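So the chains spell out like this:
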Amino acid sequence: MSQDDFLPIRGYDHVEFFVGNAKQAAHFYDRVFGFKPIAKLGLETGVRDRASYVMEQGKVRFVLTSALCPDHEIARHCALHGDGVKAIGLEVGDVESAMREAKSRGASIVQPAEAFEDENGAIKTGIIRYAGDTVFKFVERGNYRGTFAPGYVPLDAKGSESVGLAAIDHIVTNVDLGEMDYWARWYERILGFSQLTHFTDEDISTEYSALMSKVMENGSGKCKFPINEPAEGRKKSQIDEYLDFYQGPGVQHVAMNTADICKTVRELRDRDIDFLRVPDTYYEELAERVGPIDEDFDELRDLGVLVDRDEDGYLLQIFTQPVQDRPTLFFEVIERHGSRGFGVGNFKALFVSLEREQDRRGNL
Ligand code: FE2
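Conventions adopted
- Residues numbered from 1 in each chain as written.
- Predicted model: local features only at pLDDT ≥ 70, side-chain atom pairs only at ≥ 80, totals over all residues.
- Heavy atoms only, no water.
- Pairing = 2+ DSSP bridges.
- Helix = DSSP H or I, 4+ residues; strand = E, 2+ residues; numbered from the N terminus.
- Domains from an automatic or database assignment.
- Contact = heavy atoms within 4.5 Å.
- Buried area = accessible area lost by both parts, 1.4 Å probe.
- Salt bridge = Lys/Arg side-chain N within 4 Å of Asp/Glu carboxyl O.
- Polar contact = N/O pair within 3.5 Å; in protein donor to acceptor, adjacent residues only side chain to side chain.
- Nonpolar A, V, L, I, M, F, W, Y, C, P; charged D, E, K, R; others polar.
- Donors = N, O, S within 2.8 Å, 3.2 Å for Na, K, Ca; no water.
- Buried < 20%, exposed > 50% of the residue type's maximum accessible area, 1.4 Å probe, protein only.
- Phe/Tyr/Trp six-rings, centres within 6.5 Å; stacked < 30°, edge-to-face > 60°.
- Lys NZ or Arg CZ within 6 Å of the ring centre and 35° of its normal.
- Axes fitted to C-alpha atoms, helices over the stretch in contact; angles between N-to-C directions.

1. Some points on the sheet that holds strand 3 (residues 50–57)
Sheet strands line up and pair through hydrogen bonds in the backbone, either parallel or antiparallel.
Part 1: With respect to topology, nine strands assemble into an open sheet ordered 6-7-8-5-1-4-3-2-9, the strand pairing being mixed. Both edges of this open sheet fall to strand 6 (109–118) and strand 9 (153–154), since each of them pairs with a single strand only.
Part 2: Note that strand 1 (residues 9–18) and strand 5 (residues 84–92) share eight bridges and pair antiparallel. Bridge pairing in strand 5 places Phe18 opposite Gly84.

As structure tokens, then:
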């Protein structure tokens with residue numbers, strides 16, 4: 001598989017969010033989600049138009065960026081979409097090659113391969129357009145010795161205690177009705193990904209609404225990108241609600257791995273994170289459905305953690321409520337025990353819960 005991988009990807013490098021107030025967002029990701037602020041740029045570092053904070057936990061790196069003036073791409077992005085994911089950073093060994101391959105296959109170039117330098121060395125980046133206003137950013141770190149990237153100064157903040165988030169597991173995009181296939185083929189054509197699996201509206205439907213999903217993964221299987229599109233239903237689907245409030249396609253959720261989901265969820269709950277809650281009836285036949293697992297069923301029920309099993313093993317997962325006022329971006333916490341799936345067995349229960357929330361917002 002790796003032999004004909006024309007765009008080898010080492011893994012997720014970072015996710016950059018455009019937000020209304022990066023300073024306050026950094027505080028939230030630190031105090032609530034357990035990320036440590038490691039670097040920043042802004043007025044103090046000679047950057048006049050924006051401020052960015054780099055937050056780290058395990059291998060997960062988030063960059064939170066705000067504009068410092070109104071007539072700015074970042075400010076316009078926030079006005080249109082609200083807070084959300086702007087860039088998905090992927091680490092590659094050779095940005096020039098990645099950009100050349102992507103361009104020759106029809107990628108729309110936002111920023112050609114470019115080197116950025118300081119006394120700690122250089123990193124190279126290149127950016128291509130993805131769905132809506134979202135972009136993919138290729139990052140070649142080479143032997144760069146500084147914190148994150150040239151222009152950033154390291155922060156000596158203590159940060160709150162980690163909640164155990166270890167790595168990004170997958171990143172999900174919502175696209176417009178009828179566009180899932182286009183984007184699945186885009187991943188194949190531009191990035192050399194292949195389709196791992198797909199879910200039809202039969203798998204993912206409730207009495208009211210439905211969605212379809214295709215999961216794309218890169219050659220090494222390290223990066224997984226499910227793509228959702230709304231399907232026809234009696235009422236408005238959760239994907240439509242997202243598309244309405246995000247004003248178009250964009251990242252719906254970022255899933256992060258933990259080695260101990262009960263500990264992570266308990267910690268997040270203590271820090272006032274609200275999770276999507278499935279009805280207690282979900283737990284009534286759970287033990288029969290998933291068989292023996294290492295965790296205690298009572299504890300899972302208490303925390304609202306979901307379980308699914310497939311031929312390779314099982315997984316535990318839970319979803320936060322949206323992390324901004326618009327019902328757009330949210331997070332998933334996932335613990336895998338062999339399963340490489342996405343919890344298809346939980347979809348129905350989850351979507352009934354999601355619709356209940358949607359209804360409360362007056363959007364069903
Ligand atoms: Fe997910």
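From this point on, the discussion continues.
2. What about the domain arrangement of the chain?
The accessible area lost on association of the parts is a frequent measure of interface size.
Part 1: We note that the domain assignment places domain 1 (9–154) and domain 2 (165–361) within the chain.
Part 2: At the junction of the two partners, domain 1 supplies 42 residues and domain 2 supplies 40 residues.
Part 3: Summing the contributions of domain 1 and of domain 2, the shared interface buries around 3,200 Å²; its carbon and sulfur component is 69%.
Part 4: It is Tyr12, Phe33 and Tyr130 that lose the most area in domain 1 upon contact with domain 2, and together they represent 23% of the buried surface on that side.
Part 5: Connecting domain 1 to domain 2 are zero salt bridges.
Part 6: Summed over the shared surface of domain 1 and domain 2, the result is 14 residue pairs in polar contact (both at pLDDT 80 or more).
Part 7: Elements with a minimum of two residues in the side of domain 1 that touches domain 2: strand 1, helix 1 (22–31), strand 4 (60–67), helix 2 (73–81), strand 5, strand 7 (121–129) and strand 8 (135–140).
Part 8: Sort the elements by how many residues they give to the side of domain 1 that touches domain 2 and strand 1 lands first, with six residues.
Part 9: For the side of domain 1 that touches domain 2, the residue count by class is 24 nonpolar, 11 polar and seven charged.

3. A few points about the coordination of the iron ion
Part 1: Distances from the iron ion to its protein donors, His170 (NE2), His253 (NE2) and Glu332 (OE), fall within 2.0 to 2.2 Å.
Part 2: Spacing between the donor residues of the iron ion along the chain follows H-x82-H-x78-E. Of this pair, His170 sits in strand 10 (residues 165–174) while Glu332 sits in strand 17 (residues 330–337), placing them 162 residues apart in sequence. Side by side, His170 and Glu332 carry an identical accessibility label, which is buried.

4. What about the packing of aromatic side chains?
For any pair of aromatic rings, geometry is given as the distance between the ring centres together with the angle between the planes.
Part 1: Counted by the stated rule, this structure contains 32 aromatic pairs.
Part 2: Aromatic side chains Tyr187 and Phe193 sit 5.3 Å apart centroid to centroid with 40° between the ring planes, which places their arrangement in the tilted category.
Part 3: Accessibility expressed as a relative area gives 4% for Phe193, which makes it buried.
Part 4: What links up through ring pairs into an aromatic cluster is the set Tyr12, Tyr130, Phe136, Tyr182, Trp183, Trp186, Tyr187, Phe193 and Phe225.
Part 5: Over the face of the ring belonging to Phe6 we find Arg105, whose NZ or CZ atom lies 3.3 Å from the ring centre.
Part 6: A cation over a ring is seen here: Arg336 above Phe342, with NZ or CZ 5.6 Å from the ring centre.

5. Details of the sheet that holds strand 13 (residues 224–231)
Part 1: Across the sheet, which stays open at both edges, the eight strands sit in the order 11-12-13-10-14-17-16-15 with mixed pairing between neighbours. A strand with exactly one partner marks an edge of an open sheet, and here the two such strands are strand 11 (194–199) and strand 15 (306–310). On average, adjacent strands in this sheet sit at an angle of 25° to one another, irrespective of strand direction.
Part 2: Pairing analysis gives eight bridges linking strand 10 to strand 14 (residues 250–258), with the strands arranged antiparallel.

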